[in-house]
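This is what each chain is made of:
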Amino acid sequence: MLVLVVNAGSSSLKYQLIDMSNEKVMAKGIVERIGESGANGAELTHEAFGKKRLKVKANIADHMQAMRLVFDTLINEETGSIKDISEISAIGHRVVHGGETFFDSVIIDDKVVDTIARLTQLAPLHNPPNLMGIEAAMRIMPNVPHVAVFDTAFHHTLPRHAYIYALPYEFYQKHGVRRYGFHGTSHKYVSSRAIKMLMAQGKDKESLKIITCHLGNGASMAAVVGGKSIDTSMGLTPVEGLVMGTRCGDIDPAIIPFLQKELGYSADDIDNIINKKSGLLGISGISNDMRDIVAEAEAGHKRSQLALDIFCYRIRKYIGAYVAAMGGLDAIVFTAGIGEHSPTVRARICEGLEFFGIELDAEKNAVCQGECDISKETARTRVLVIPTNEEIAIARETVRIITGESENST
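Residues numbered from 1 in each chain as written. Predicted model: local features only at pLDDT ≥ 70, side-chain atom pairs only at ≥ 80, totals over all residues. Heavy atoms only, no water.

A.B. asks: Account for empty space enclosed by the protein, naming residues and giving values.
C.D. replies: Taken as a whole and judged by the stated rule, the model has 2 cavities of 30 Å³ or more. Considered as a void within the structure, the largest cavity measures approximately 50 Å³ in volume. Gly99, Phe102, Phe103, Thr152, Ala153, His155, His156, Arg178, Arg179 and Tyr180 together form the lining of the largest cavity. For the lining of the largest cavity, the residue count by class is 4 nonpolar, 4 polar and 2 charged. The space that makes up the second largest cavity amounts to roughly 40 Å³. Of the residues contributing to the lining of the second largest cavity, the split by class is 8 nonpolar, no polar and no charged. (1 Å grid on protein atoms, 1.4 Å probe; cavity = no way out; pocket = protein on both sides within 12 Å on 5 of 7 lines; lining within 4 Å. Points joined across faces, edges and corners; volume = space filled by probe spheres on them. Nonpolar A, V, L, I, M, F, W, Y, C, P; charged D, E, K, R; others polar.)

A.B. asks: Lay out the packing of aromatic side chains with the relevant residues and their values.
C.D. replies: Counted according to the given criterion, the structure contains 5 aromatic pairs. With a centroid separation of 4.3 Å and an interplanar angle of 50 degrees, the aromatic rings of Phe355 and Phe356 are classed as tilted. Exposure remark for Phe355: the relative accessible area of 58% places this residue in the exposed category. Classification of Phe356 by relative accessible area gives buried; the value is 17%. In this structure an aromatic cluster arises from ring pairing among Tyr163, Tyr169 and Tyr172. For the cation-ring pair, Arg178 lies above Tyr163, with the distance from its terminal atom to the ring centre recorded as 3.6 Å. (Phe/Tyr/Trp six-rings, centres within 6.5 Å; stacked < 30°, edge-to-face > 60°. Buried < 20%, exposed > 50% of the residue type's maximum accessible area, 1.4 Å probe, protein only. Lys NZ or Arg CZ within 6 Å of the ring centre and 35° of its normal.)

A.B. asks: Tell me about the sheet that holds strand E13 (residues 372-373), and name the residues and values.
C.D. replies: Pairing is mixed across the open sheet formed by 6 strands, whose spatial order is E11-E10-E9-E12-E14-E13. Whereas interior strands pair on both sides, the edge strands pair on one side only; in this sheet they are strand E11 (228-232) and E13. Relative to strand E12 (residues 331-335), strand E9 (residues 209-215) runs parallel, the two sharing 5 bridges. Bridge pairing in E12 links Ile211 to Ile332. (Pairing = 2+ DSSP bridges. Helix = DSSP H or I, 4+ residues; strand = E, 2+ residues; numbered from the N terminus.)

A.B. asks: Can you lay out the state of the cysteines for me, pointing to particular residues and giving the numbers?
C.D. replies: Taken as a whole and judged by the stated rule, the model has 1 disulfide. Sulfur of Cys312: no disulfide; nearest cysteine sulfur belongs to Cys350 and is 9.6 Å away. The thiol of Cys350 is unpaired, and the distance to the nearest cysteine sulfur, on Cys213, comes to 8.3 Å. Given the relative accessible area of 4%, Cys350 is considered buried. (Disulfide = S-S within 2.5 Å.)

A.B. asks: Account for the sheet that holds strand E3 (residues 24-32), naming residues and giving values.
C.D. replies: Here we have 8 strands laid out as an open sheet, ordered E5-E4-E3-E2-E1-E6-E8-E7, and mixed in their pairing. At either end of the open sheet lies a strand with only one pairing partner, and these are strand E5 (54-57) and strand E7 (106-107). Bridging between strand E1 (residues 2-8) and strand E2 (residues 13-19) involves 7 bridges; their strand directions are antiparallel. Within the sheet, the bridge partner assigned to Val3 lies in E2 and is Ile18. With respect to the sheet, helix H15 (residues 390-403) is in contact with E1, E2, strand E6 (88-95), E7 and strand E8 (146-150), its orientation differing from that of E6 by roughly 120 degrees. (Contact = heavy atoms within 4.5 Å. Axes fitted to C-alpha atoms, helices over the stretch in contact; angles between N-to-C directions.)

A.B. asks: Go over the environment of Ala222, please, and point to the residues and values.
C.D. replies: Within the element layout of this structure, Ala222 appears in strand E10 (residues 219-225). Apart from the residues within four sequence positions on either side, Ala222 is in contact with His155, His187, Ile210, Ile211, Thr212, Ser229, Asp231, Thr232 and Tyr322.

A.B. asks: Would you mind going over the pattern of salt bridges in detail, with residue names and values included?
C.D. replies: Taken as a whole, this structure holds 17 salt bridges when the rule is applied. Two residues, Asp289 and Arg291, come together in a salt bridge whose shortest N-O distance is 2.7 Å. Put simply, Asp104, Lys188, Glu397 and Arg400 are held in one network by salt bridges that share partners. (Salt bridge = Lys/Arg side-chain N within 4 Å of Asp/Glu carboxyl O.)

A.B. asks: A description of the packing of helix H1 (residues 63-75) against helix H3 (residues 127-140) should follow, citing residues and the corresponding values.
C.D. replies: Look at H1 against H3: their axes get within 9 Å of each other, and the N-to-C directions meet at 55 degrees. Regarding the angle of H1 to H3, the classification is oblique. Crossing handedness for the pair H1 and H3: right-handed. Across the interface between the two elements, His63, Met64, Met67, Arg68 and Phe71 of H1 pack against Pro129, Met132, Gly133, Glu135, Ala136, Ala137, Arg139 and Ile140 of H3. A per-class count over the contact of H1 with H3 returns 8 nonpolar, 2 polar and 3 charged. (Parallel < 35°, antiparallel > 145°, perpendicular 65-115°, else oblique. Left-handed = near helix turned anticlockwise from the far one by under 90°.)

Everything listed here is a matter of coordinates, which is why it stays silent on function.
Structural data, given as structure tokens:
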């Protein structure tokens with residue numbers, strides 16, 4: 001079975017074509033700067049197994065044109081992996097926000113499309129472009145199943161005391177104001193891998209207590225007990241929680257009316273500040289990229305060092321909170337760009353957590369590539385690095401839904 005995975009952003013469209021018989025990626029790519037023109041106009045980057053890498057400029061006005069270009073490239077004799085798009089059995093779509101409606105992946109029909117559109121108020125930056133990708137793909141391939149896989153779905157197991165905010169209750173009842181959490185596909189994938197690794201050591205799945213740390217430009221954590229999310233750091237939106245590349249994470253909410261009154265900022269101004277001008281970028285004044293932050297900190301740049309300190313400190317605080325929430329800890333998992341590739345950050349986060357049974361092996365941490373256990377052999381709590389693979393996770397969900405398999409069978 002061939003599954004096409006689609007992740008549509010506001011000006012981009014990522015895709016992977018995966019052969020699910022062996023979970024081999026046959027082709028992958030991205031269309032960037034959709035809607036732009038001139039020298040900085042749209043561009044397709046495409047890689048197919050056994051073929052030369054393709055990079056081409058194109059006049060792409062919208063997601064429909066982008067999707068047509070993707071399909072044309074997939075079947076092109078020189079660049080493609082298939083002879084005809086009819087070889088694709090299903091299409092899996094990443095959708096950021098499922099609200100309280102979608103607790104699982106679902107086959108997309110007109111009703112699902114309408115519901116995702118209504119959830120736009122909860123994810124105005126994400127759900128609309130996700131829908132553009134869905135609608136474009138469904139118009140081109142209307143006769144294959146399309147499956148929506150929601151970032152929020154993995155966190156539907158949060159207990160009420162973990163997702164209800166201490167605001168007037170009618171805000172939740174009437175407007176859906178609550179913690180939803182994000183990066184759920186990644187948290188589910190890496191926690192499942194961690195469970196398999198720990199079960200191979202004789203641990204029982206149902207009792208396993210794992211903290212997953214998805215650390216990239218966007219960053220979040222989840223407390224996972226027996227394979228189920230019981231708490232997570234992101235909230236109604238992806239701004240809450242950890243310090244991120246350009247997002248502030250947790251702040252005193254009274255800062256917002258203070259800025260409005262004292263500096264005359266509008267709601268849109270503040271939304272832009274907390275989403276695009278804060279985090280590592282806002283603190284360092286240099287970059288939102290952790291690689292730059294670490295390099296500048298090592299060179300003596302004080303604000304970069306401060307940004308690194310705050311980033312790691314916030315994560316350590318969440319680890320402590322989640323150990324308390326779960327009543328113990330069997331493993332910490334690092335994943336995503338920073339989590340997978342920064343030994344410095346991993347070491348800084350684990351400093352001082354020996355009382356939780358966390359003991360990092362410095363050499364293993366320094367040389368880790370791919371999936372690793374970077375703990376000392378004698379450590380009570382395992383520290384794991386597990387590369388995330390959201391595309392494979394979405395493809396697996398797509399197959400599960402269209403074949404009618406239960407959640408527990410995957």
